[in-house]
Every structure is written in structure tokens, then in C-alpha cells.
There are 2 protein chains.
Amino acid sequence: MPYRAWFSCVAGCPGEHPLSQVIYRCPSCAGLLEVVHDEAALRRRSPAAWMRVFDERFLRTSWPYGSGVWGKKEWVQPMISADNVVSLFEGGSNLFWAERYGAQLGVSDLWIKQCGTSHTGSFKDLGMTVLVSTVKQMRADGAPIRAVACASTGDTSAALAAYGAAAGIPVIVLLPANKITAAQLVQPIANGAIVCSLDTDFDGCMKVVQRLTDTDRGDSGIYLANSMNSLRVEGQKTISLEIVQQFDWEVPDWVLVPGGNLGNVSAIAKGFMEMKRLGLISTPPRLVCCQAEHANPLFLAYERARAAGREMTLDDFEAVRARPTLASAIQIGDPVSLPKAVKALVDTGGIVLQASEAQLANASARADRTGLFTCPHTGVALACLEQLIERGTIGAEDRVVVVSTAHGLKFTEFKAGYHERRLGFESEYANTPVSITGDPEQAIGELHRLLDQRGD
Amino acid sequence: MPYRAWFSCVAGCPGEHPLSQVIYRCPSCAGLLEVVHDEAALRRRSPAAWMRVFDERFLRTSWPYGSGVWGKKEWVQPMISADNVVSLFEGGSNLFWAERYGAQLGVSDLWIKQCGTSHTGSFKDLGMTVLVSTVKQMRADGAPIRAVACASTGDTSAALAAYGAAAGIPVIVLLPANKITAAQLVQPIANGAIVCSLDTDFDGCMKVVQRLTDTDRGDSGIYLANSMNSLRVEGQKTISLEIVQQFDWEVPDWVLVPGGNLGNVSAIAKGFMEMKRLGLISTPPRLVCCQAEHANPLFLAYERARAAGREMTLDDFEAVRARPTLASAIQIGDPVSLPKAVKALVDTGGIVLQASEAQLANASARADRTGLFTCPHTGVALACLEQLIERGTIGAEDRVVVVSTAHGLKFTEFKAGYHERRLGFESEYANTPVSITGDPEQAIGELHRLLDQRGD
């Protein structure tokens, strides 16, 4: 196998750990791991040759390379045979030119990367295909893994359950008692996951998860698909490769990403930095990590560093108690991927911003009126975009990409609440159904009056 | 412009009507129109040349040809300039190899065409891009069209509202009073459509719609995106072209499609028959139109003809009063596209089957356990598939495609009801959350016992 990758400690502890090892943390410092590729091997192909290979494979029929993730297999997870890839044709999502929304904001080159138009409706598919494929390979090689587990009520459990079901690998979803409803968990339930309510609170639930990951105490036979797992980052980093590819290998000026646990902004930065090191691009875009004001620890760290006139470091960070936010998936006060994210933002000249509940909901609704159907997390990123344009940081001619993380169909209650003005702030773009007559002749007149009123 | 298409009467009345004309029915017989292409012009390219053109464009970046629909522009709607195409990168959806589900049923070459993985979450995007683009072209050419309207609570209004919003063309959604909730209509409301509740019942609502379409009485300025509109068929027929393309231009043996208003089965047949006439394939697959037992008029007509030992004709048909069904989008007793569908089924050696409520829901849930997340209409098609395999009509080696019409995320209430056993029949594949201890050591033991019980 000419291409190779392994786990290494993010903090620089020595040691290479095989991707087929059940390992979640650095054995020396207990910190985060990341996947490192043999870049010398990757350099045997020129940048132009890689672009050609990636283009030839993109969304085509040659298994498994048609997938947006597996078309970049050598850069993602080279040590898996094609038979063990578990792919649902992830990636390849629309890079939507937001012509009308951009015109309203005063930018003409605004694009939305629609990662939510996918099998399970969120960007989590991109990482989960890599994790579940790796588990399938490990099982094929004789590893005693009976099931893959996660502790999540949201997109992670949905993606894990779907990929596990497609592969025939059992999935366990762990949650504290009284947190389980069929409506909330309909995806993992439908996909046949073992959905367990633990007779304990959330902290107790995390203790069970930690026992599962405690590889010193013998292998539990249950592999953990938690957010520390850096295999998922390898799939998510293809968002960057795909954005550049969809611009015919041009780099945008800005990429905005919602940030909670900070895995996705880290993954996106990793994609750009690897493309830079391997010569496919010369400069990465500036990343903007967009937090909800109710869960903004990275924003506070960034502001502390900025007030002191220096670059953000880990020392600037303090965990916060996250408050409930409409952007529920990023309601996180102590992000797992913090060290990676700080590096990502420093590497790319990045910015951290925050959006209030009203700002995120109004930005989401405003964008929807131009043809999108955004999730509240994407609303956070759009609200931050509006701030950067107002400040003049993002210029009228800049090419900007906003990473949309989930399909709005996962958030119909949020949208119904907004348009029914039930969210506790002003719904500036609320759209209210109107009653008109049932008389055919008069109805046409009334419709025209409604069109006049809207200025259409 | 070397390629040309026009509206013609399905029943054979003379006359060619321009695609830019506001016309919904044949002016002679008031029957259905269809789009007819200048096939002599299309024949100037060989079948192999068309395949090459379609492959070169497929999901690439050259506007508007990257769209699965617009990559076949000459075959779909040639008379539109690229500037007036309103595209959200429709088509190109996963052709999912249902390896595990197929193995359970005893077929090894089973595929699900995932048309619901799309911008608005249903196959309606495919047709709506053609209709809205045509309206944009007509407006650009000076036609006095102020808005596009439809009478729908479902996928049609969602798709129309999104494409209208992207194009900046006002959209009107007409519904009888008391049929409008924000949750039900969250997509058109979010996309800024004028959502009107008419002070009348559904029949009264149809009278207003008919007044809008009555072109004899002068143009109302409001274009109707109803299901008679055969521009939408042109987009939907690309499902067939894309299926064949995704098999590297091989034709499957069977294609199963849910059927209510029968527009989609007609469109899919049209795609295959045009490919046959133009030499891209030699034989179309056999089509199976799959109806809910609660809305089965075509099934009854098919059975009448079969009992009489002859092919189905329009004379076999009687409208029925459709009963409520979980497959709500196909709850139709008097289908608009009946004449086209009868021809489609005769042309392709087609079959019509039906599925009960329990059958459709259980088939949907069974498929979900293998990684899918099916809508109830897809459940109807899967239940019919199971019948045809049991009967031996579909053989173990046959290549079968099931057209999945919408994303399961649009039907979370259906799925939650199924798994909570609230649907009034036995939920054979229900998955119920389980409670376990919160003690870490004991929890691992309990998880292994749960895995043992499932036989995983």
C-alpha cells in the first residue's frame, strides 16, 4: 500500500498509532489525537495530477471513488480496502450561489455549501463514513468490535445509526434517562440502533462513555464514535477540498463555519492546510468561527487576546456554562476540539464572532426568503457574515463561502415558531398566511392587491 | 437555436403550441398536453455522442449543465438561455445499492434512487426547475406574468416556493380555509410565498384555480404550476436518463414508482421511451406503478383488464373516493395524468400493484433498518417489490430500481407513530428504546446482553 496514515498526538507527544488501533486519546498526555498522512508519499503525485485524479473520480460510478469523501481516499483514510468502505455517496453537495441574498447584503460572490443535502441531512455523514468504514475494516481483520456507540441526541447519532445499519454493524446510542422521545430520536430508532436510556443524569452518562473508552482496562468490545475521534475529521476536511474543487481549484477569500465542539472548523482548516502543504493552493482562506452568544467560550477567548493585542492561545480560554440556544447542536461550553481550533484559526488568520438568538433566527429567515432552507446553526454563520460585511471586514468583491451544516427539515419547529412569532424576540422576516375570498373573480383581484402590497 | 420543443395534445389533436405560451390544456379537446421534441434535430448527434455529452457535464461546474436536469437541456427544455435557468443543482442523487435489504428479500441487484436527497427534499425539484426557468424566460421576453401559483399542501408547494424565491419570482400557494398550519407549510412560508387560505372548501379552491387557468377569458397574470403542467414532466423524466447513466448506460430490468396523480410514472416512461427512440437504449425496463390500497383506481383498472385477459385501456378506469392513507401525497382517486400513465404502462409491459397501510409501513421500516430513511410513498413501492419477489415475477438475478420520492425527514411523525406502535396495525419492525443501569461497570455488561439478544 503506497499511502499511509496514523494517529499522532496534537500536542506533539512522540509516537505513531495505527488507524486500526482502538485509541481515542494520546497515551502520554491524554490529549487529542489527529490523523497524520505520509506526505512524502502524497508528494509523488504533483498538485496538478491530484486535481486531475480528484476531478476524474468526482461523483462518478467507480466504487468507492464517486463519493465526495472517498474520491480523496489517499488523503482521507488510505488503509481500507474498497470492499470495506461504507459509503452513502456523501459529499458532492451543492455550492449554491446566493445571488439574491448576497445582493441584499452588498456582496456579489457569496456561496452556501449545502452540506445538509445528504443522506441523513447533516455534514456528519462526511466523517461517519470514514469512522464506520474503518470499523468495518478492523472487524474484517479480526478485531473484536461488537458495536459502535455514541452519546448524542442529534446529528451524530443519526449519521452513526444510518452508516451502521448500511454496514450491518450494531449501533448503540447512549442517553440519560428522560431524554428520549421517538420524535427526537426518530433517525437512530428507524435505523435500528439500540437506543439506551441510562438510569442517571448526563454526567453519569459520560462516566459510562469514559469507561467504554478506557482502553487501559481492557477492550470493552464497543467502539466509541465520540467527537474526540479524529477519523471523523478526515472526512469532514473534504469540505475544503470540495469547495476549492467546485470553484475549479480557486480558493475563496473567506469561509464561515458555525462552531460548538469545534471539530468542523478544525477539520476545514486541516483540509486547507494540507492542500497548501501539498501545493494544490497557495494560501488558505480566512476562517470565521461563528458561535451562538449563548455558547461562546471561543469568542470570549478571541476577544481577550484581541484586547491584549496578541494572537489567541489556549491560555485565553475559559469554559463557560452554555445556555439554551436555538442553535442546539452548538450549545457547548467546553469544546472538545479546542486545541485544534485555536491552531486552525491562528494558521488561517481566522476570526471568531458571535450571534444572538434574534440575530441567528432573523439571518436564517432572511436567507430562506431567497430560496434557502437553513438550519439555526447556519443562521449563526449568516448573522456573523452580516456583521463582517457591515464592518467592512468582508468587502463587496470578496468571494465568501458559508458552510451550511444541516438541512432545515430537521428544524421545522424552529421555523414554525419563528413565523408564528413565538420565539420571544421580533421575527423581522416572519411570513403570515392570509385569508382571502372564495369567489373566483374577486379572488384574482385580491391576489393582485397582495402582490401590489409586497411590491412584486 | 438548433433544438426545438413544443406542446402537443396527448390525444392527438393537431397543433403545436410554443412552450412560452400560457396554455395548460389542449384548446380542441381540453385534454392533457405533452412536450414533444424535434427528434430529427436530436438525431444529428449519435447515441454515443449524447452519452458522452451527458457524462462530461454530469455534476460538473459549467453552468447550468452541472445540474442533473440541465445537463440534458436539449432533451428537456432547449428554448431557454442559460441566464434564465433557475437551478438548485437538482438531480445527481444517490443510486443506493440496497445490499442488505436486497439480501433479506432474496435479490442481489436492488437499487434505490434517492430523489428525496435534494434541495427541498423531494423529486418535485426536478420538474419545478424546468417550470420556473421557463417562467423566468417568459418574463424576460416580456410576458406579463406577475406570479406563479399552485394549490398544494405538500412537496409541490415546497419546491415551487424555493425555486420562486431563488429566482425572485413571487409564488402564491392557494388552500382551502382551515387547512393551513405553519408546521405543515413551513417550507413555502419560510421561502416567502404568499400563502392564501381561501374562504371556501377544496372544491371552491379548485374553482379559483380553474379561473386562473381559463386562458380564454384573458390572461390573469398568474401562471399555474399545477400537475397538468407538462413542463414538469420534462424535468422528472431525467430520473430515467440518470438511472441508466449511473449504471454506465445499462438498463435495469424493473423500475418501481409510487403512483397517485401518475405524473411521475408517466415522466419516467417518457424518459425511457425517448432514450429508446433515439437509440441510447434498446428496451425500456418494465415499470411497476405502486398504489396505496386506500387510493387505488389504477390498480382496479389494471385488475379489470387482467381479468378480461387484455391490455388495460382508459375504458377500464373508474375514479374512486380515496381514503386517508399514510402515503398522503398519493391519496388521489381521480389522477390527472391517467391517460399518460396508461400509455406508459402499456408501452413498457408495466404492472400495477397496491399495498395496504400495514404493508407500506412495515416495508418502509424494514428498509430503514438497513440504512435507508424512507418516506411512506417509497414504502408503498417497497411493499409492492416484496410482493413481486414473493410471486417470482421479479427474479433473484434481476436488476431492480425503486424510485424513492421524498426524504424521510418530511415524515418524522409517521415514523415516530410506527415505532411507538400508534398506527392501528402491528409494527413488525418497531424499535423501542430500552432502559439500563447508570453504573459504568454493569452498563457494559447490559449492553453486551442486549447485543446477544439481537443476535448481533
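Residues numbered from 1 in each chain as written. Chains lettered and ligands numbered in written order. Predicted model: local features only at pLDDT ≥ 70, side-chain atom pairs only at ≥ 80, totals over all residues. Heavy atoms only, no water.

**Observations regarding the overall build of chain A**
Operational definition: Numbering of helices and strands runs from the N terminus, with a helix taken as a DSSP run of H or I at least four residues long and a strand as a DSSP run of E at least two residues long. Computation of the radius of gyration draws on C-alpha atoms, with the globule rule given as 2.2 Å multiplied by the number of residues to the power 0.38. Three exposure classes are used, based on accessible area relative to the maximum for each residue type with a 1.4 Å probe and protein chains only: buried under 20%, partly exposed in between, and exposed over 50%.
Looking only at helices and strands, chain A has 17 helices and 14 strands in total. Taken over the C-alpha trace, chain A has a radius of gyration of 23 Å; the compact-globule value for 456 residues is 23 Å, and the two agree within 12%. Seen through its principal axes, chain A has C-alpha atoms that stretch 75 × 50 × 50 Å. Among the 456 residues that make up chain A, the fraction classed as buried is 64%.

**Comments concerning the packing of aromatic side chains**
All names here are of chain A. Threshold: Stacked, edge-to-face and tilted are the three classes for Phe, Tyr and Trp ring pairs, Trp counted by its six-membered ring, which pair at centre distances within 6.5 Å; planes under 30 degrees apart are stacked, over 60 edge-to-face, the rest tilted. Charge-over-ring placement is defined geometrically: NZ (Lys) or CZ (Arg) within 6 Å of the ring centre, and within 35 degrees of the ring normal.
Scanning all chains against the criterion turns up 16 aromatic pairs over all chains. Judged by centre distance (5.6 Å) and plane angle (55°), the rings of Y24 and Y223 are tilted. Residue Y24 is found in the loop between β2 (17-18) and β3 (33-37), and its partner Y223 is found in strand β9 (residues 222-224); the two are separated by 199 residues along the sequence. Here the basic side chain of R45 rests over the ring of W50, its NZ or CZ set 4.7 Å away from the ring centre.

**Describing the interface of chain B and chain A**
What counts here: Contacts are assigned to residue pairs that have any heavy atoms within 4.5 Å of one another. The quantity reported as buried area is the accessible area (1.4 Å probe) lost by two parts once they are put together, taken as the sum for both. Whenever a carboxyl oxygen of Asp or Glu lies within 4 Å of a side-chain nitrogen of Lys or Arg, that contact is scored as a salt bridge.
Each partner contributes residues to the interface: chain B has 90 residues there, and chain A has 90 residues. Interface area, chain B with chain A, both sides summed: about 7400 Å², of which 61% is carbon and sulfur. Here chain B is connected to chain A by 4 salt bridges. Put simply, R211(A) and E441(B) hold a salt bridge, and the shortest N to O gap is 2.8 Å.

**Description of the sheet that holds strand β4 (residues 95-97) of chain B**
All names here are of chain B. Short version of the rule: Strands are labelled as partners when DSSP assigns at least two bridges between them. Axis lines are fitted through C-alpha atoms, for helices just across the contact stretch, and the angle between N-to-C directions can take any value from 0 to 180 degrees.
Spatial ordering of the open sheet is given by β4-β5-β13-β10-β11-β12, a layout of 6 strands whose pairing is mixed. Since the sheet does not close on itself, it has two edges, and those belong to β4 and β12 (351-355), each with one partner. Put simply, the sheet's adjacent strands are angled 25° from each other on average, direction ignored. Looking at chain direction, strand β5 (residues 109-114) and strand β13 (residues 399-404) are connected through 6 bridges and run parallel. Across the sheet, the residue bridging to K113 is V403, located in β13.

**Thoughts on the packing of helix α14 (residues 357-368) of chain A against helix α16 (residues 412-419) of chain A**
All names here are of chain A. Note the following rule: What sets the label is the angle itself: under 35 degrees gives roughly parallel, over 145 gives roughly antiparallel, 65 to 115 gives roughly perpendicular, and the rest give oblique. Just so you know the grouping, Ala, Val, Leu, Ile, Met, Phe, Trp, Tyr, Cys and Pro go in nonpolar, Asp, Glu, Lys and Arg go in charged, and all remaining residues, Gly too, go in polar.
Orientation of α14 relative to α16, taken along the N-to-C sense of each, is 95°, at an axis distance of 11 Å. Taken together, the axes of α14 and α16 are roughly perpendicular relative to one another. Residues L360, A361, N362, S364, A365 and D368 of α14 form the contact with α16, whose own contacting residues are F414, K415 and Y418. The residue inventory of the contact of α14 with α16, partitioned by class, reads 5 nonpolar, 2 polar and 2 charged.

**Looking at the UniProt feature "modified residue: N6-(pyridoxal phosphate)lysine" (unreviewed entry) in chain A**
Residues and elements named next belong to chain A. What counts here: UniProt positions are given in the numbering used here, feature names are shortened, and annotations may be inferred rather than shown by experiment.
As annotated by UniProt and renumbered to match this structure, "modified residue: N6-(pyridoxal phosphate)lysine" (unreviewed entry) occupies K124. In this structure, K124 sits in helix α5 (residues 124-140). What K124 contacts, discounting residues up to four positions off in sequence, is D155, T156, A159 and R232.

**Quick word on helix α15 (residues 376-390) of chain A**
Just so we agree on the cut-off: One fewer than the residue count of a helix, multiplied by 1.5 Å, yields its expected span.
When the terminal C-alpha atoms of α15(A) are compared, their 21 Å separation across 15 residues agrees well with the 21 Å that a helix rising 1.5 Å per residue should span. Burial runs high along α15(A): 14 of the 15 residues are buried.

**Points about the relation of the copies chain B and chain A**
What counts, and what does not: The copies are overlaid by a least-squares fit using only the C-alpha atoms of residues whose pLDDT is at least 70 in both copies.
For these two chains of identical sequence, chain B goes onto chain A by a turn of 180° and a shift of 0.0 Å along the axis, with RMSD 0.0 Å. On this basis, the relationship between the two copies can be described by a two-fold rotation axis. A share of 100% of the interface residues of chain B reappears at the interface of chain A, consistent with the copies meeting face to face through the same patch.

**Quick word on the nonpolar core**
Under the convention used in this document: By nonpolar core we mean a set of buried residues, namely Ala, Val, Leu, Ile, Met, Phe, Trp, Tyr and Cys, connected to one another through side-chain atoms within 4.5 Å.
The biggest cluster of nonpolar side chains holds 300 residues, and the ones touching the most others in it are L256(A), L385(A), L256(B) and L385(B). Here L385(B) is in contact with Y101(B), L105(B), L110(B), L256(B), I394(B), V400(B) and V402(B), once residues within four sequence places are set aside. Formed by 8 residues, the second largest nonpolar core is a distinct cluster that contains V186(A), F373(A), L409(A) and F373(B).

**Side note on the side chain of S404(A)**
Residue and element names in this part refer to chain A. Our working definition: Pairing of N or O atoms within 3.5 Å defines a polar contact, subject to two protein rules: one partner must be a possible hydrogen donor and the other a possible acceptor, and residues neighboring in sequence count only if both atoms are side-chain atoms.
Along the chain, S404 turns up in strand β13 (residues 399-404). Of the polar contacts made by the side chain of S404, one reaches the side chain of T378; its length is 3.1 Å. Contact partners of S404, with chain neighbours within four places excluded, come to I112, K113, Q114, C115, G116 and T378.

**Regarding the pattern of salt bridges**
Residue and element names in this part refer to chain B. Counted by the stated rule, this structure contains 43 salt bridges over all chains. Where E242 meets K113, a salt bridge forms, and the shortest distance between an N and an O atom there is 2.7 Å. One end of the pair, E242, is in helix α10 (residues 238-246); the other, K113, is in strand β5, and 129 residues separate them in sequence. Looking at E242, the relative accessible area reads 3%, which means it is buried. For K113, a relative accessible area of 1% translates into the label buried. In this structure, E274 engages K270 in a salt bridge whose closest nitrogen and oxygen atoms are separated by 2.8 Å. A residue pair is termed a helical-turn pair when its members lie 3 or 4 positions apart in one helix, as E274 and K270 do in helix α11 (residues 263-277) at 4 residues. For E274, a relative accessible area of 5% corresponds to the buried category. K270 gets classed as buried once you look at its relative accessible area, which sits at 12%.

**Here we look at the pairing of strand β8 (residues 194-199) of chain B**
With 5 of 6 residues buried, β8(B) lies mostly within the body of the structure. Both strand β14 (residues 434-437) of chain A and β8(B) contribute to a ladder of 4 bridges, which runs parallel. By the bridge assignment, T437(A) is partnered in β8(B) with D199(B).

**Focus: the sheet that holds strand β7 (residues 171-176) of chain A**
Taken together, the 5 strands give an open sheet; going across it, the order is β9(A)-β6(A)-β7(A)-β8(A)-β14(B), and neighbouring strands pair in parallel fashion. Each edge of the open sheet is held by one strand with a lone partner, namely β9 of chain A together with β14 (434-437) of chain B. The average angle at which neighbouring strand axes cross in this sheet is 35°, direction not considered. Packed on one face of the sheet, helix α6 (residues 155-167) of chain A meets β6 (147-150) and β7 of chain A and runs near 170° to β6(A).

**Let's talk about unusual backbone geometry**
The residue after W63(A), namely P64(A), is reached through a cis peptide bond having omega -5°. The residue P64(A) is located in the loop between α2 (47-57) and α3 (73-76) in this model. If you check the backbone angles, F89(A) has positive phi at about 60° while not being a glycine. Take F89(A): it is sitting in the loop between α3 and β4 (95-97). The backbone of L262(B) shows a phi angle near 75°, a positive value even though the residue is not glycine.

**A short note on the side chain of Q387(B)**
All names here are of chain B. Relative to the assigned elements, Q387 resides in helix α15 (residues 376-390). Looking at Q387, the relative accessible area reads 17%, which means it is buried. Those residues in contact with Q387 that lie beyond four places of it in its chain are L353, Q354, A355 and Q359.

**Comments concerning the environment of D199(B)**
Here D199(B) shows up in strand β8. In this structure the C-alpha to C-alpha distance between D199(B) and L175(B), which are 24 residues apart in sequence, comes to 9.1 Å. Ignoring sequence-local partners within four residues, the contact set of D199(B) consists of I436(A), T437(A), G438(A) and A177(B).

**Observations regarding the pairing of strand β11 (residues 286-292) of chain A**
Residue and element names in this part refer to chain A. Counted only if it meets this: Handedness rule for crossovers: strands pointing away from the viewer, path from the first strand over the helix to the second running clockwise, crossover right-handed.
The buried fraction of β11 is high, at 6 of 7 residues. Alignment of strand β10 (residues 254-258) against β11, held across 5 bridges, turns out to be parallel. Bridging across to β11, W254 finds its partner in R286. As for the winding sense of the linkage, the β-α-β connection from β10 through helix α11 (residues 263-277) to β11 is right-handed. Note: β11 against strand β12 (residues 351-355), 5 bridges, orientation parallel. Looking across to β12, one finds that A292 is bridged to A355.

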